[in-house]
Amino acid sequence: MKHNKAGMYACGPTVYNYAHIGNLRTYIFEDLLKRVLNYNGYKVRHVMNITDVGHLVGDRDMGEDKLELGAKREGKSAWEIAKFYEQAFKADIKKLNILAPDIWCRATGHIKEQIKMIKDLEKKGYTYKTSDGIYFNAAKFKNYAKLSGQNLEKLKEGARVEKNIEKKNPTDFALWKFSTPSGFPMAKGSKKNSKRQMEWESPWGIGFPGWHIECSAMSIKYLGRQFDIHCGGADHIGVHHTNEIAQSEAATGKSPWVKYWLHGEFLNIAGGKKMAKSAANFLTLENAVLKKGINPLAFRFAALQTHYRKPMEYSDEAMKSAKRGLEHLHNQTRELQEHKFPISNFQFPIKGKNSKRFKNKFLKALNDDLNMPQALAVMQEVLKSKLPKEEKLALVLDFDKVLGLDLNKKNKARTIPGEVRSLYKLREKFRKEKKWAEADEIRKKIEKLGYKVEDTKEGARIVKNNF
(Lines give C-alpha, C1' and ligand atoms only; values in the text may rest on other atoms or scores of the structure.)
Protein backbone atom coordinates (compact mmCIF):
# COMPACT_ATOMS: atom_id res chain seq x y z
CA MET A 1 0.00 0.00 0.00
CA LYS A 2 1.72 3.12 -1.26
CA HIS A 3 1.49 6.71 -0.09
CA ASN A 4 -0.98 5.77 2.67
CA LYS A 5 -3.59 4.76 0.09
CA ALA A 6 -5.31 1.39 -0.11
CA GLY A 7 -7.51 -0.13 -2.80
CA MET A 8 -10.07 -2.52 -1.33
CA TYR A 9 -12.61 -4.69 -3.16
CA ALA A 10 -15.37 -6.51 -1.29
CA CYS A 11 -17.64 -9.12 -2.85
CA GLY A 12 -21.14 -7.69 -2.53
CA PRO A 13 -24.55 -9.36 -2.33
CA THR A 14 -26.34 -11.45 -4.92
CA VAL A 15 -29.62 -9.54 -4.87
CA TYR A 16 -32.21 -12.28 -5.27
CA ASN A 17 -33.25 -12.38 -1.59
CA TYR A 18 -32.59 -10.61 1.70
CA ALA A 19 -29.08 -10.78 3.12
CA HIS A 20 -28.97 -13.08 6.15
CA ILE A 21 -27.12 -12.18 9.31
CA GLY A 22 -24.28 -14.52 8.36
CA ASN A 23 -23.75 -12.41 5.23
CA LEU A 24 -24.01 -9.25 7.31
CA ARG A 25 -21.37 -10.52 9.73
CA THR A 26 -18.92 -10.56 6.80
CA TYR A 27 -19.80 -6.99 5.85
CA ILE A 28 -19.28 -5.89 9.48
CA PHE A 29 -15.79 -7.44 9.38
CA GLU A 30 -15.01 -5.62 6.13
CA ASP A 31 -16.30 -2.37 7.62
CA LEU A 32 -13.99 -2.83 10.62
CA LEU A 33 -11.06 -3.41 8.28
CA LYS A 34 -11.83 -0.19 6.43
CA ARG A 35 -12.23 1.75 9.68
CA VAL A 36 -8.96 0.36 11.07
CA LEU A 37 -7.12 1.41 7.90
CA ASN A 38 -8.64 4.88 8.22
CA TYR A 39 -7.67 4.96 11.91
CA ASN A 40 -4.09 4.19 10.88
CA GLY A 41 -4.11 7.13 8.48
CA TYR A 42 -4.82 5.30 5.21
CA LYS A 43 -7.19 6.68 2.60
CA VAL A 44 -9.23 3.71 1.41
CA ARG A 45 -10.82 3.43 -2.04
CA HIS A 46 -13.54 0.89 -1.30
CA VAL A 47 -15.37 -0.85 -4.16
CA MET A 48 -18.28 -3.26 -3.75
CA ASN A 49 -20.18 -5.07 -6.47
CA ILE A 50 -23.86 -5.87 -6.74
CA THR A 51 -24.33 -9.29 -8.38
CA ASP A 52 -27.58 -8.88 -10.27
CA VAL A 53 -26.99 -11.52 -12.96
CA GLY A 54 -24.93 -14.65 -13.57
CA HIS A 55 -24.79 -16.27 -10.11
CA LEU A 56 -26.17 -19.75 -10.64
CA VAL A 57 -27.59 -21.95 -7.89
CA GLY A 58 -24.46 -24.11 -8.03
CA ASP A 59 -21.24 -22.15 -7.65
CA ARG A 60 -19.64 -24.39 -10.28
CA ASP A 61 -22.03 -23.19 -13.01
CA MET A 62 -24.88 -25.59 -12.29
CA GLY A 63 -28.60 -24.80 -12.18
CA GLU A 64 -30.55 -21.65 -12.87
CA ASP A 65 -29.59 -18.03 -12.33
CA LYS A 66 -30.61 -16.98 -8.81
CA LEU A 67 -32.15 -13.74 -10.08
CA GLU A 68 -34.32 -15.60 -12.57
CA LEU A 69 -35.44 -17.99 -9.81
CA GLY A 70 -36.25 -15.03 -7.57
CA ALA A 71 -38.38 -13.57 -10.33
CA LYS A 72 -40.35 -16.82 -10.65
CA ARG A 73 -40.72 -17.08 -6.87
CA GLU A 74 -42.25 -13.62 -6.49
CA GLY A 75 -43.96 -13.14 -9.85
CA LYS A 76 -41.84 -10.11 -10.73
CA SER A 77 -39.22 -9.35 -13.34
CA ALA A 78 -35.59 -10.15 -12.60
CA TRP A 79 -34.85 -6.42 -12.84
CA GLU A 80 -37.49 -5.64 -10.20
CA ILE A 81 -36.11 -8.36 -7.92
CA ALA A 82 -32.59 -6.97 -8.26
CA LYS A 83 -33.66 -3.41 -7.50
CA PHE A 84 -35.78 -4.37 -4.48
CA TYR A 85 -33.17 -6.55 -2.76
CA GLU A 86 -30.35 -4.13 -3.53
CA GLN A 87 -32.29 -1.43 -1.68
CA ALA A 88 -33.04 -3.85 1.18
CA PHE A 89 -29.33 -4.68 1.49
CA LYS A 90 -28.33 -1.03 1.59
CA ALA A 91 -30.94 -0.38 4.29
CA ASP A 92 -29.56 -3.27 6.38
CA ILE A 93 -25.94 -2.11 6.26
CA LYS A 94 -27.00 1.43 7.18
CA LYS A 95 -28.74 0.09 10.30
CA LEU A 96 -25.50 -1.68 11.25
CA ASN A 97 -23.38 1.48 10.85
CA ILE A 98 -21.48 -0.11 7.96
CA LEU A 99 -19.84 2.63 5.94
CA ALA A 100 -21.01 2.64 2.33
CA PRO A 101 -18.34 1.87 -0.29
CA ASP A 102 -16.93 4.69 -2.38
CA ILE A 103 -18.12 2.87 -5.51
CA TRP A 104 -21.09 0.55 -6.00
CA CYS A 105 -20.87 -1.39 -9.27
CA ARG A 106 -23.59 -3.60 -10.73
CA ALA A 107 -22.73 -6.57 -12.91
CA THR A 108 -25.44 -5.61 -15.39
CA GLY A 109 -23.86 -2.17 -15.79
CA HIS A 110 -20.46 -3.58 -16.80
CA ILE A 111 -21.21 -6.10 -19.55
CA LYS A 112 -18.78 -4.43 -22.01
CA GLU A 113 -15.91 -4.71 -19.53
CA GLN A 114 -16.65 -8.38 -18.96
CA ILE A 115 -16.84 -9.16 -22.68
CA LYS A 116 -13.52 -7.38 -23.23
CA MET A 117 -11.83 -9.43 -20.51
CA ILE A 118 -13.17 -12.68 -22.00
CA LYS A 119 -11.84 -11.62 -25.40
CA ASP A 120 -8.41 -11.00 -23.84
CA LEU A 121 -8.45 -14.49 -22.33
CA GLU A 122 -9.55 -15.94 -25.66
CA LYS A 123 -6.60 -14.31 -27.46
CA LYS A 124 -4.21 -15.81 -24.91
CA GLY A 125 -5.61 -19.31 -25.41
CA TYR A 126 -7.30 -19.80 -22.05
CA THR A 127 -10.86 -20.39 -23.31
CA TYR A 128 -12.87 -23.01 -25.13
CA LYS A 129 -16.46 -23.25 -26.31
CA THR A 130 -19.12 -25.80 -25.34
CA SER A 131 -22.76 -25.97 -26.32
CA ASP A 132 -23.75 -23.92 -23.26
CA GLY A 133 -21.01 -21.31 -23.06
CA ILE A 134 -17.41 -20.10 -23.11
CA TYR A 135 -15.24 -21.71 -20.43
CA PHE A 136 -11.89 -20.97 -18.80
CA ASN A 137 -9.45 -23.87 -19.05
CA ALA A 138 -8.08 -24.01 -15.50
CA ALA A 139 -5.48 -26.63 -16.44
CA LYS A 140 -3.64 -24.00 -18.49
CA PHE A 141 -3.19 -21.75 -15.47
CA LYS A 142 -0.25 -22.75 -13.29
CA ASN A 143 -0.81 -23.03 -9.56
CA TYR A 144 -4.60 -22.76 -9.86
CA ALA A 145 -5.10 -23.77 -6.21
CA LYS A 146 -2.57 -21.38 -4.67
CA LEU A 147 -5.22 -19.54 -2.62
CA SER A 148 -7.33 -22.50 -1.54
CA GLY A 149 -4.64 -25.18 -1.26
CA GLN A 150 -7.22 -27.72 -2.39
CA ASN A 151 -6.10 -31.10 -3.75
CA LEU A 152 -7.11 -31.05 -7.41
CA GLU A 153 -6.73 -34.79 -7.85
CA LYS A 154 -9.19 -35.46 -5.04
CA LEU A 155 -11.47 -32.84 -6.55
CA LYS A 156 -11.48 -34.78 -9.79
CA GLU A 157 -12.24 -38.04 -7.98
CA GLY A 158 -15.10 -36.55 -6.03
CA ALA A 159 -16.47 -34.23 -8.70
CA ARG A 160 -20.23 -34.00 -8.75
CA VAL A 161 -22.07 -35.34 -11.78
CA GLU A 162 -22.93 -32.29 -13.83
CA LYS A 163 -25.30 -31.81 -16.74
CA ASN A 164 -22.46 -30.22 -18.68
CA ILE A 165 -20.22 -33.17 -19.59
CA GLU A 166 -18.27 -31.05 -22.08
CA LYS A 167 -16.06 -29.41 -19.45
CA LYS A 168 -12.45 -30.50 -19.88
CA ASN A 169 -11.63 -30.27 -16.17
CA PRO A 170 -13.80 -30.23 -13.02
CA THR A 171 -12.33 -26.83 -12.08
CA ASP A 172 -13.11 -25.15 -15.42
CA PHE A 173 -15.68 -22.39 -15.08
CA ALA A 174 -18.01 -20.38 -17.27
CA LEU A 175 -16.97 -16.97 -18.52
CA TRP A 176 -20.07 -16.52 -20.68
CA LYS A 177 -23.23 -18.63 -20.64
CA PHE A 178 -25.54 -18.97 -23.63
CA SER A 179 -29.25 -18.31 -23.23
CA THR A 180 -29.87 -21.23 -25.58
CA PRO A 181 -27.56 -23.88 -27.03
CA SER A 182 -24.78 -22.11 -28.97
CA GLY A 183 -26.33 -18.74 -28.17
CA PHE A 184 -28.81 -18.72 -31.05
CA PRO A 185 -32.52 -17.74 -30.84
CA MET A 186 -34.92 -20.56 -30.07
CA ALA A 187 -36.95 -20.20 -33.22
CA LYS A 188 -36.41 -18.61 -36.60
CA GLY A 189 -37.68 -15.05 -36.68
CA SER A 190 -38.06 -14.75 -32.91
CA LYS A 191 -37.10 -11.28 -31.71
CA LYS A 192 -36.13 -12.34 -28.22
CA ASN A 193 -35.26 -15.52 -26.46
CA SER A 194 -38.11 -16.53 -24.14
CA LYS A 195 -35.95 -18.46 -21.66
CA ARG A 196 -34.23 -15.52 -19.92
CA GLN A 197 -35.06 -11.96 -18.91
CA MET A 198 -31.41 -10.85 -18.67
CA GLU A 199 -29.30 -11.47 -21.77
CA TRP A 200 -26.95 -9.58 -24.06
CA GLU A 201 -25.32 -9.87 -27.48
CA SER A 202 -21.70 -11.00 -27.47
CA PRO A 203 -19.09 -12.17 -30.01
CA TRP A 204 -19.98 -15.76 -29.02
CA GLY A 205 -23.77 -15.53 -28.98
CA ILE A 206 -26.69 -14.22 -26.93
CA GLY A 207 -26.21 -14.86 -23.24
CA PHE A 208 -24.98 -13.52 -19.93
CA PRO A 209 -21.68 -13.36 -18.01
CA GLY A 210 -20.45 -15.96 -15.57
CA TRP A 211 -20.42 -15.05 -11.89
CA HIS A 212 -16.63 -14.93 -11.47
CA ILE A 213 -15.79 -12.69 -14.43
CA GLU A 214 -17.95 -9.92 -12.98
CA CYS A 215 -15.77 -9.27 -9.95
CA SER A 216 -12.54 -9.44 -11.92
CA ALA A 217 -13.67 -7.01 -14.60
CA MET A 218 -15.17 -4.48 -12.18
CA SER A 219 -12.38 -4.54 -9.60
CA ILE A 220 -9.76 -4.02 -12.32
CA LYS A 221 -11.75 -1.14 -13.81
CA TYR A 222 -11.93 0.76 -10.53
CA LEU A 223 -8.76 -0.35 -8.71
CA GLY A 224 -6.32 -1.16 -11.50
CA ARG A 225 -4.62 -4.29 -12.82
CA GLN A 226 -3.08 -4.87 -9.38
CA PHE A 227 -4.50 -3.69 -6.07
CA ASP A 228 -4.12 -4.14 -2.34
CA ILE A 229 -7.02 -5.95 -0.63
CA HIS A 230 -9.81 -8.32 -1.66
CA CYS A 231 -12.37 -9.46 0.94
CA GLY A 232 -15.28 -11.85 1.13
CA GLY A 233 -16.74 -14.79 3.00
CA ALA A 234 -14.72 -17.94 3.69
CA ASP A 235 -17.04 -19.87 1.34
CA HIS A 236 -15.59 -17.89 -1.60
CA ILE A 237 -12.07 -19.23 -1.19
CA GLY A 238 -12.37 -22.58 -2.98
CA VAL A 239 -14.30 -21.49 -6.07
CA HIS A 240 -15.13 -17.83 -6.57
CA HIS A 241 -11.91 -16.21 -5.41
CA THR A 242 -9.75 -19.00 -6.81
CA ASN A 243 -11.38 -18.47 -10.20
CA GLU A 244 -11.03 -14.70 -9.96
CA ILE A 245 -7.28 -15.06 -9.43
CA ALA A 246 -6.88 -17.47 -12.34
CA GLN A 247 -8.73 -15.39 -14.92
CA SER A 248 -7.37 -12.04 -13.69
CA GLU A 249 -3.73 -13.06 -13.65
CA ALA A 250 -4.15 -14.88 -16.97
CA ALA A 251 -5.72 -11.79 -18.58
CA THR A 252 -3.41 -9.14 -17.11
CA GLY A 253 -0.16 -11.06 -16.78
CA LYS A 254 0.16 -9.53 -13.30
CA SER A 255 1.02 -11.72 -10.32
CA PRO A 256 0.03 -11.37 -7.60
CA TRP A 257 -3.13 -9.70 -8.84
CA VAL A 258 -4.13 -8.91 -5.25
CA LYS A 259 -1.64 -8.46 -2.40
CA TYR A 260 -3.86 -9.41 0.56
CA TRP A 261 -6.88 -11.73 0.73
CA LEU A 262 -9.05 -11.56 3.87
CA HIS A 263 -12.02 -13.81 4.54
CA GLY A 264 -14.69 -13.77 7.23
CA GLU A 265 -15.77 -17.05 8.78
CA PHE A 266 -19.32 -18.40 8.95
CA LEU A 267 -22.06 -17.63 11.41
CA ASN A 268 -23.52 -20.84 12.82
CA ILE A 269 -26.89 -21.49 14.37
CA ALA A 270 -27.94 -24.15 16.90
CA GLY A 271 -26.08 -27.40 16.38
CA GLY A 272 -23.11 -25.72 14.71
CA LYS A 273 -24.80 -25.57 11.31
CA LYS A 274 -23.65 -22.90 8.87
CA MET A 275 -26.36 -20.35 8.12
CA ALA A 276 -27.17 -20.37 4.39
CA LYS A 277 -30.06 -19.51 2.11
CA SER A 278 -29.59 -22.84 0.31
CA ALA A 279 -30.21 -24.65 3.60
CA ALA A 280 -33.37 -22.61 4.24
CA ASN A 281 -32.17 -21.88 7.77
CA PHE A 282 -31.25 -18.25 7.39
CA LEU A 283 -32.27 -15.35 9.59
CA THR A 284 -32.51 -11.77 8.39
CA LEU A 285 -31.76 -8.67 10.41
CA GLU A 286 -35.49 -8.06 10.54
CA ASN A 287 -36.60 -11.39 12.03
CA ALA A 288 -33.48 -12.07 14.13
CA VAL A 289 -33.11 -8.62 15.68
CA LEU A 290 -35.56 -5.85 14.81
CA LYS A 291 -38.80 -7.81 15.39
CA LYS A 292 -37.51 -8.72 18.85
CA GLY A 293 -37.13 -5.06 19.77
CA ILE A 294 -33.34 -5.20 19.74
CA ASN A 295 -31.18 -2.36 18.48
CA PRO A 296 -29.42 -3.69 15.32
CA LEU A 297 -26.13 -2.38 16.73
CA ALA A 298 -26.42 -5.16 19.33
CA PHE A 299 -25.71 -7.58 16.47
CA ARG A 300 -22.69 -5.49 15.50
CA PHE A 301 -21.56 -5.58 19.13
CA ALA A 302 -21.98 -9.36 19.16
CA ALA A 303 -19.89 -9.65 15.98
CA LEU A 304 -17.11 -7.60 17.60
CA GLN A 305 -16.81 -10.20 20.36
CA THR A 306 -15.69 -12.98 18.01
CA HIS A 307 -12.59 -12.75 15.80
CA TYR A 308 -13.55 -12.52 12.14
CA ARG A 309 -11.58 -15.70 11.29
CA LYS A 310 -13.45 -17.78 13.87
CA PRO A 311 -17.00 -19.15 13.49
CA MET A 312 -19.59 -17.07 15.33
CA GLU A 313 -22.43 -18.80 17.16
CA TYR A 314 -25.90 -17.27 16.98
CA SER A 315 -28.67 -17.88 19.50
CA ASP A 316 -31.47 -15.86 21.06
CA GLU A 317 -29.61 -15.90 24.37
CA ALA A 318 -26.42 -14.62 22.71
CA MET A 319 -28.38 -11.72 21.22
CA LYS A 320 -29.98 -10.89 24.56
CA SER A 321 -26.52 -10.89 26.14
CA ALA A 322 -25.20 -8.60 23.38
CA LYS A 323 -28.17 -6.29 23.92
CA ARG A 324 -27.38 -6.03 27.62
CA GLY A 325 -23.70 -5.50 26.94
CA LEU A 326 -24.28 -2.71 24.44
CA GLU A 327 -26.83 -1.08 26.70
CA HIS A 328 -24.34 -1.12 29.56
CA LEU A 329 -21.65 0.43 27.35
CA HIS A 330 -24.03 3.19 26.22
CA ASN A 331 -25.00 3.91 29.81
CA GLN A 332 -21.34 4.07 30.86
CA THR A 333 -20.69 6.58 28.09
CA ARG A 334 -23.84 8.54 28.87
CA GLU A 335 -22.74 8.89 32.48
CA LEU A 336 -19.49 10.47 31.28
CA GLN A 337 -21.41 12.78 28.95
CA GLU A 338 -23.50 14.10 31.83
CA HIS A 339 -20.48 15.89 33.27
CA LYS A 340 -20.23 19.59 32.47
CA PHE A 341 -17.50 19.97 29.90
CA PRO A 342 -17.92 21.01 26.23
CA ILE A 343 -18.26 17.69 24.41
CA SER A 344 -18.60 19.27 20.96
CA ASN A 345 -15.33 21.19 21.35
CA PHE A 346 -13.48 18.50 23.27
CA GLN A 347 -10.13 17.43 21.82
CA PHE A 348 -8.32 14.17 22.55
CA PRO A 349 -5.81 14.90 25.34
CA ILE A 350 -2.70 13.76 23.47
CA LYS A 351 -0.45 15.01 26.28
CA GLY A 352 -2.02 12.66 28.81
CA LYS A 353 0.57 9.93 29.35
CA ASN A 354 -1.94 7.30 30.51
CA SER A 355 -4.40 8.23 27.78
CA LYS A 356 -1.71 7.75 25.15
CA ARG A 357 -0.85 4.38 26.71
CA PHE A 358 -4.47 3.22 26.39
CA LYS A 359 -4.72 4.49 22.82
CA ASN A 360 -1.54 2.65 21.83
CA LYS A 361 -2.87 -0.51 23.47
CA PHE A 362 -6.13 -0.18 21.52
CA LEU A 363 -4.24 0.40 18.27
CA LYS A 364 -2.05 -2.63 18.94
CA ALA A 365 -5.17 -4.80 19.29
CA LEU A 366 -6.61 -3.45 16.04
CA ASN A 367 -3.40 -4.07 14.13
CA ASP A 368 -3.12 -7.60 15.50
CA ASP A 369 -5.25 -8.98 12.65
CA LEU A 370 -8.30 -6.98 13.79
CA ASN A 371 -8.41 -8.39 17.31
CA MET A 372 -11.72 -6.74 18.19
CA PRO A 373 -12.37 -8.78 21.37
CA GLN A 374 -9.10 -7.40 22.75
CA ALA A 375 -9.99 -3.89 21.54
CA LEU A 376 -13.27 -4.10 23.49
CA ALA A 377 -11.33 -5.25 26.54
CA VAL A 378 -9.14 -2.15 26.29
CA MET A 379 -12.30 -0.03 26.12
CA GLN A 380 -13.47 -1.53 29.42
CA GLU A 381 -10.05 -0.98 30.97
CA VAL A 382 -10.41 2.70 30.14
CA LEU A 383 -13.90 2.92 31.64
CA LYS A 384 -12.77 1.20 34.85
CA SER A 385 -9.55 3.21 35.12
CA LYS A 386 -8.84 6.20 37.37
CA LEU A 387 -8.41 8.54 34.42
CA PRO A 388 -10.26 11.86 34.63
CA LYS A 389 -13.77 11.55 33.21
CA GLU A 390 -13.07 13.91 30.31
CA GLU A 391 -10.09 11.77 29.25
CA LYS A 392 -12.16 8.60 29.53
CA LEU A 393 -14.85 10.08 27.34
CA ALA A 394 -12.37 11.34 24.77
CA LEU A 395 -10.80 7.88 24.50
CA VAL A 396 -14.15 6.09 24.26
CA LEU A 397 -15.39 8.38 21.49
CA ASP A 398 -12.06 8.04 19.69
CA PHE A 399 -12.26 4.23 19.87
CA ASP A 400 -15.82 4.32 18.56
CA LYS A 401 -14.53 5.67 15.25
CA VAL A 402 -13.55 2.03 14.67
CA LEU A 403 -16.18 0.20 16.72
CA GLY A 404 -19.10 2.06 15.14
CA LEU A 405 -21.48 1.62 18.11
CA ASP A 406 -22.93 5.16 18.15
CA LEU A 407 -21.49 5.91 21.58
CA ASN A 408 -21.58 9.66 20.91
CA LYS A 409 -25.37 9.75 20.72
CA LYS A 410 -26.69 12.21 23.27
CA ASN A 411 -29.47 11.25 25.65
CA LYS A 412 -32.45 13.13 24.23
CA ALA A 413 -34.45 12.91 27.45
CA ARG A 414 -32.24 14.14 30.29
CA THR A 415 -35.24 15.30 32.34
CA ILE A 416 -36.79 12.43 34.28
CA PRO A 417 -40.62 12.58 34.22
CA GLY A 418 -42.39 13.14 37.53
CA GLU A 419 -44.13 9.75 37.41
CA VAL A 420 -40.79 7.97 37.06
CA ARG A 421 -39.25 9.99 39.92
CA SER A 422 -42.20 9.14 42.17
CA LEU A 423 -41.89 5.45 41.38
CA TYR A 424 -38.16 5.62 42.03
CA LYS A 425 -38.74 7.13 45.49
CA LEU A 426 -41.31 4.44 46.27
CA ARG A 427 -38.85 1.73 45.20
CA GLU A 428 -36.18 3.19 47.48
CA LYS A 429 -38.69 3.17 50.35
CA PHE A 430 -39.50 -0.52 49.76
CA ARG A 431 -35.79 -1.38 49.56
CA LYS A 432 -35.11 0.29 52.93
CA GLU A 433 -37.98 -1.73 54.38
CA LYS A 434 -36.48 -4.86 52.72
CA LYS A 435 -39.67 -5.41 50.75
CA TRP A 436 -37.76 -6.83 47.80
CA ALA A 437 -40.72 -8.21 45.84
CA GLU A 438 -42.55 -4.86 45.97
CA ALA A 439 -39.35 -3.02 44.98
CA ASP A 440 -38.91 -5.36 42.01
CA GLU A 441 -42.47 -4.70 40.82
CA ILE A 442 -41.79 -0.95 40.93
CA ARG A 443 -38.62 -1.49 38.88
CA LYS A 444 -40.66 -3.28 36.20
CA LYS A 445 -43.14 -0.37 36.09
CA ILE A 446 -40.25 2.07 35.61
CA GLU A 447 -38.91 -0.05 32.73
CA LYS A 448 -42.32 -0.03 31.03
CA LEU A 449 -42.13 3.76 31.05
CA GLY A 450 -38.86 3.64 29.10
CA TYR A 451 -36.40 4.03 31.98
CA LYS A 452 -34.36 1.71 34.10
CA VAL A 453 -32.82 1.79 37.56
CA GLU A 454 -29.11 1.05 37.85
CA ASP A 455 -27.77 0.05 41.27
CA THR A 456 -24.17 1.28 41.58
CA LYS A 457 -21.66 1.56 44.41
CA GLU A 458 -22.59 5.22 44.73
CA GLY A 459 -26.30 4.37 44.96
CA ALA A 460 -29.18 3.88 42.56
CA ARG A 461 -29.64 6.07 39.48
CA ILE A 462 -32.26 6.36 36.74
CA VAL A 463 -31.27 6.27 33.07
CA LYS A 464 -33.22 6.47 29.87
CA ASN A 465 -33.51 3.04 28.25
CA ASN A 466 -32.83 3.60 24.54
CA PHE A 467 -32.89 -0.06 23.64
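Structural data are supplied above this passage.
These notes cover the structure that comes with them. (Residues numbered from 1 in each chain as written. Predicted model: local features only at pLDDT ≥ 70, side-chain atom pairs only at ≥ 80, totals over all residues. Heavy atoms only, no water.)

### Here we look at helix α4 (residues 111-123)
Here is the rule we go by: We count a stretch as a helix when DSSP gives it H or I for four or more residues in a row; a strand needs E for two or more, and each element gets its number in order from the N terminus. Here the expected span of a helix is defined as 1.5 Å times the quantity of residues minus one. Relative accessible area decides the class of each residue, using a 1.4 Å probe on protein chains only: under 20% of the type maximum gives buried, over 50% gives exposed, and in between gives partly exposed. What the arc describes is the spread of directions from the helix axis to the C-beta atoms. Residues count as neighbours in contact if any of their non-hydrogen atoms are within 4.5 Å of one another.
Compared with an ideal rise of 1.5 Å per residue, which puts 13 residues at 18 Å, α4 spans 19 Å between its outermost C-alpha atoms and is within 8% of the ideal. Taken residue by residue, α4 has Ile111, Gln114, Ile115, Met117, Ile118 and Leu121 as its buried positions. Here the buried residues of α4 occupy an arc of 160° about the axis, which is enough to place them on one side. Those residues of α4 that are exposed and angled more than 90 degrees off the buried face are Lys112, Lys116 and Lys123. Summarising the contacts, the buried residues of α4 are in contact with β6 (127-130), β7 (133-136), β8 (173-178), β9 (207-209), α6 (211-223) and α7 (237-252). Once α4 finishes, Gly125 follows within two positions and takes phi at roughly 80°, a positive value.

### Quick look at the sheet that holds strand β5 (residues 103-106)
The strands making up a sheet are joined through hydrogen bonds of the backbone, oriented either antiparallel or parallel. Going by this rule: Here a strand pair is declared whenever DSSP counts at least two bridges between the two strands. Fitting a line to C-alpha atoms yields each axis, with helices limited to the stretch in contact; the angle taken between N-to-C directions then spans 0 to 180 degrees.
One open sheet holds the five strands; their spatial order is β5-β2-β1-β10-β11, and the pairing between them is parallel. One side of each edge strand has no neighbouring strand; the edge strands of this open sheet are β5 and β11 (258-264). Neighbour to neighbour, the strand axes of the sheet diverge by 20° on average, direction disregarded. Most of the contacts of helix α1 (residues 21-39) go to strand β10 (residues 227-233), to which it runs at about 155°, and overall it touches β1 (5-10), β2 (43-50), β10 and β11.

### Structural notes on the sheet that holds strand β12 (residues 267-269)
The three strands lie next to each other as β13-β12-β14, forming an open sheet whose pairing is mixed. The sheet is open, and its two edges are formed by β13 (273-274) and β14 (312-313), each paired on a single side. Here β12 runs beside β13; their pairing, made up of two bridges, is antiparallel. Across the sheet, the residue bridging to Asn268 is Lys274, located in β13.

### Remarks on the nonpolar core
Using the following cut-off: The term nonpolar core refers to a set of buried residues drawn from Ala, Val, Leu, Ile, Met, Phe, Trp, Tyr and Cys, joined through side-chain atoms within 4.5 Å.
Membership of the largest hydrophobic core comes to 66 residues, with the highest contact counts inside it found for Leu24, Phe299, Phe362, Met372, Phe399 and Leu403. Broken down by element, this core gets its largest block of residues, 10 residues, from α1. Among the nonpolar cores identified, the runner-up in size contains 50 residues, and Val47, Ala78, Tyr85 and Ile103 belong to it.

### Here we look at the side chain of Asp65
For the record, the criterion: The term polar contact refers here to a pair of N or O atoms within 3.5 Å; inside protein, the definition further demands a hydrogen-donor-capable atom paired with an acceptor-capable atom, and it admits residues adjacent in sequence only when both atoms are side-chain atoms.
On the secondary structure map, Asp65 appears in strand β4 (residues 62-65). In this structure the side chain of Asp65 is engaged in a polar contact, spanning 2.7 Å, whose partner is the backbone nitrogen of Gly54. There is a polar contact of 3.4 Å between the side chain of Asp65 and the side chain of Arg196.

### As for the side chain of Asn137
Looking at the secondary structure, you find Asn137 in the loop between β7 and α5 (152-157). Relative accessible area serves as the criterion here: at 8%, Asn137 is assigned to the buried category. At 3.2 Å, the side chain of Asn137 forms a polar contact with the backbone nitrogen of Ala139.

### Overview of the state of the cysteines
To be explicit about the condition: Two cysteine sulfurs form a disulfide in these notes if their separation is within 2.5 Å.
This model, assessed by the stated rule, comprises zero disulfides. Between Cys11, a free cysteine, and Cys215, which holds the nearest cysteine sulfur, the sulfur-to-sulfur gap is 4.0 Å.

### Some thoughts on the environment of Cys231
Its location among the elements puts Cys231 in strand β10. C-alpha separation for the pair Cys231 and Met8, spaced 223 residues apart in sequence, amounts to 7.7 Å. Leave out the neighbours within four places in its chain, and Cys231 touches Met8, Tyr9, Ala10, Cys11, Glu30, Leu33, His241 and Leu262.

### Overview of the packing of aromatic side chains
Within a pair of aromatic rings, the relevant descriptors are the distance that separates the centres and the angle that separates the planes. Stated formally: Planes of paired rings set the category: under 30 degrees apart is stacked, over 60 is edge-to-face and the rest tilted, where pairs are Phe, Tyr or Trp rings (Trp by its six-membered ring) whose centres lie within 6.5 Å.
Taken as a whole and assessed by the stated rule, the structure comprises 15 aromatic pairs. Ring centres of Tyr39 and Phe362 lie 5.9 Å apart, and the angle between their planes is 80°; on these two criteria the pair is classed as edge-to-face. A residue pair is termed long-range when its members are at least 10 positions apart, and Tyr39 in helix α1 and Phe362 in helix α11 (residues 353-367) qualify at 323 residues. Judged by its relative accessible area of 0%, Phe362 falls in the buried class. Consider the rings of Tyr128 and Tyr135, whose centres lie 6.1 Å apart with planes at 20°: the pair is stacked.

### A closer look at unusual backbone geometry
Backbone torsion omega between Ser255 and Pro256 reads 0°, so that peptide bond is classified as cis. Here Pro256 shows up in the loop between α7 and β11. Although it is not a glycine, Asp369 adopts a positive phi angle of roughly 55°. Tracing the sequence through the fold places Asp369 in the loop between α11 and α12 (372-384). Backbone geometry places Lys434, a non-glycine residue, at a positive phi of 60°. In this fold, Lys434 is placed in the loop between α14 (418-432) and α15 (436-448).

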